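# Results of the structural survey
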Amino acid sequence: MLSQLDAAQLRRQRTTVEGFSAAGTRGVRVAGGRELIDFSSNDYLGLARHPALCAAMSECSARLGAGSGASHLVSGHGREHALLEEELAVFTGRERALLFSCGYLANLAVMTVLAGRGERVLLDRLCHASLIDGVRLSGAAFRRYAHADAHAAAALAAKDPAHTCLIATDGVFSMDGDLAPLPQLARTARAHGAWLVVDDAHGLGVLGATGRGALETFGLDAEDVPVLVGTLGKAFGSFGAFVAGSAALIELLIQKARSYIYTTALPQPVAAATRAALKVAQSEGWRRERLSELTARFRRTAAAAGVPLSPSTTPIQPVVLGSAAAALAAQRSLETAGLWVVAIRPPTVPPGAARLRVTLSAAHTDSEVDELVRQLARVCASAAT
Ligand SMILES: *Cc1c(COP(=O)(O)O)cnc(C)c1O
């Protein structure tokens, strides 16, 4: 098993982060004492080490301790969880929100509760692994439609409308950075009386005039997208996830979702940090503007330098290189130049589509992005020869 992974250049290796350079920057110190600029994290707004989040976390842990001690339905559900759920419901414009320990578990919950044996689920070919695992666990059959192809989804739904109970997609695709055709998918779902589940892990906090994500970009509401999944460990800089929807949907999840019921509630200090993040994300709108400026700068300069770009307008900017070996070599070469851009290889992306997944953050400087583009142009030129 392991030797096969080695031979295919598919063995994953972890790099230990030892610490960070100055506060508010993207510099990290990794094992061996090297300093790298991080272009791989999902901390889009630069909130993970924001003083307001850290203060909220310490203040809460001093008051309430480090752990929740039990699951939500036993004795682990605390005031910070309850307040965060109310604030997430308001933020997303839904009746209720339900907090989960992480996005993986939130997606397992949604899929297993809303789909089951004898039913059929439609998934985007490139949707997140947790949505696929959720359907597998649900016992429902599933079909994957061509990536971001709303016509293909509609055709599949029309083929077996009686059994198609749910359509699920990422809002922003995690490895490609492009957006799902949500308005068209919403129409198809509604026409067939199917649930539309949108996992907007990479859109919330980042996209839309007020950071409400891919749905805000398209002007869609709770009628169009009845089930919204969001994560809190990306743009919001902390940890956890939520499902937002109608009061009835949330009540059903509380009663039925095994990945909600049979796990310890996430620590209240984490919820407190997330509450602080929601405030900062809304009051410091400049972070979103800065992020879109940097994204535009990256795309403009990289295109001019001959770096092969993907059609993404979000802070996820993949540079597809093809083979796992080429992507790994490029990662190592960038690392020697002080840049941390992790190679993403199969099975996370399709075979032959290994890539450097560049992610930008509001905390990057112009000159860091310019240096990244210079170095990418160098490694892409040598990968092509
Ligand atoms: C990261 C991610 C998840 C998982 O969220 P975690 O909180 O990290 O478990 C789910 N869906 C998508 C699209 C993601 O990118």
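Conventions used here
- Residues numbered from 1 in each chain as written.
- Predicted model: local features only at pLDDT ≥ 70, side-chain atom pairs only at ≥ 80, totals over all residues.
- Heavy atoms only, no water.
- Core = buried A, V, L, I, M, F, W, Y, C linked by side-chain atoms within 4.5 Å.
- Buried < 20%, exposed > 50% of the residue type's maximum accessible area, 1.4 Å probe, protein only.
- Helix = DSSP H or I, 4+ residues; strand = E, 2+ residues; numbered from the N terminus.
- Domains from an automatic or database assignment.
- Pairing = 2+ DSSP bridges.
- Axes fitted to C-alpha atoms, helices over the stretch in contact; angles between N-to-C directions.
- Contact = heavy atoms within 4.5 Å.
- Buried area = accessible area lost by both parts, 1.4 Å probe.
- Salt bridge = Lys/Arg side-chain N within 4 Å of Asp/Glu carboxyl O.
- Polar contact = N/O pair within 3.5 Å; in protein donor to acceptor, adjacent residues only side chain to side chain.
- Near = heavy atom within 4 Å.
- Areas by Shrake-Rupley, 256 points an atom, 1.4 Å probe, with all protein chains shown as cover.

A few words now on the nonpolar core. In summary, soluble globular proteins display a tendency toward joint burial of nonpolar side chains. Core analysis: the biggest nonpolar cluster contains 70 residues, and Phe39, Phe298, Val358 and Leu376 have the highest contact counts within it. It is helix 12 (residues 268-283) that provides the largest number of residues to this core, a total of eight residues. When we break this core down by domain, the ones giving at least three residues each are domain 1 (16-45 + 285-384) and domain 2 (51-283). Counting residues in each nonpolar core, the second largest holds 31 residues, with Val113, Leu123, Val135 and Val229 among its members.

Turning our eyes to something else, we now look at the sheet that holds strand 6 (residues 141-145). Across the sheet, seven strands lie side by side as 4-10-9-8-7-5-6; this open sheet has mixed pairing. Every interior strand has two partners, whereas the edge strands, strand 4 (96-100) and strand 6, have only one. Mean inter-strand twist for the sheet, computed between neighbouring axes without regard to direction, equals 20°. Where helix 5 (residues 103-114) meets the sheet, it contacts strand 4, strand 5 (120-124), strand 7 (164-170), strand 8 (195-199), strand 9 (227-231) and strand 10 (241-245), and its direction lies at approximately 165° from that of strand 9.

This part takes up the sheet that holds strand 1 (residues 17-20). In spatial order, the strands read 1-2-3-12; together these four strands make up an open sheet with mixed pairing. Taken across any chain shown, the strands that pair with only one partner, and hence form the sheet edges, are strand 1 and strand 12 (339-340). As defined by bridge partners, strand 3 (residues 34-38) adjoins strand 12 across two bridges and the pair is classed as parallel. Across the sheet, residue Asp38 finds its bridge partner in strand 12, namely Trp340.

Time to look at the domain arrangement of the protein. Assigned domains within the protein: domain 1 (16-45 + 285-384) and domain 2 (51-283). Here the C-alpha centroids of domain 1 and domain 2 sit 27 Å apart. Roughly 1600 Å² is buried in total at the junction of domain 1 and domain 2, and carbon and sulfur atoms are behind 59% of that figure. Seen at the junction of domain 1 and domain 2, the total is one salt bridge. Between Asp176 and Arg355 there is a salt bridge whose closest N-O contact spans 3.1 Å. Joining domain 1 to domain 2, the criterion identifies nine residue pairs in polar contact (both at pLDDT 80 or more). Of all the secondary structure elements, the ones that give two or more residues to the side of domain 1 that touches domain 2 are helix 13 (286-304), strand 11 (316-322) and strand 14 (354-359). With three residues, the single largest contributor to the side of domain 1 that touches domain 2 is helix 13.

It is worth spelling out the site of the ligand at this point. The local shell around the ligand holds 14 residues, among which Gly103, Tyr104, Asp199, His202 and Lys234 are the closest. Gly103 is positioned with one of its backbone polar atoms (N or O) 2.7 Å from an oxygen atom of the ligand. Contact distances for the ligand include 2.7 Å between an oxygen atom and a side-chain N or O atom of Lys234. Burial of the ligand by the protein amounts to 83% of the accessible area it has alone, namely 380 Å². Examining the composition of the shell around the ligand, we find that three residues originate from one element, helix 5, more than from any other.

Let us now look at the environment of Ala115. Checked against the element boundaries, Ala115 lands in the loop between helix 5 and strand 5. Note on Ala115: relative accessible area 5%, which makes it buried. Counting along the chain gives 25 residues from Ala115 to Ala140, while the straight-line C-alpha distance between them is 6.0 Å.

This paragraph deals with the pattern of salt bridges. In this structure the tally under the stated criterion is 18 salt bridges. Measuring nitrogen to oxygen at the nearest pair gives 3.1 Å for the salt bridge that ties Arg96 to Glu251. One end of the pair, Arg96, is in strand 4; the other, Glu251, is in helix 10 (residues 247-256), and 155 residues separate them in sequence. Owing to a relative accessible area of 29%, Arg96 belongs among the partly exposed residues under this scheme. By relative accessible area, which is 34% here, Glu251 ends up partly exposed. Residues Arg290 and Asp366 are paired through a salt bridge, measuring 2.9 Å at the closest nitrogen-oxygen approach. Highlighted residues: Arg290 in helix 13 and Asp366 in helix 15 (residues 366-384), separated in sequence by 76 residues.

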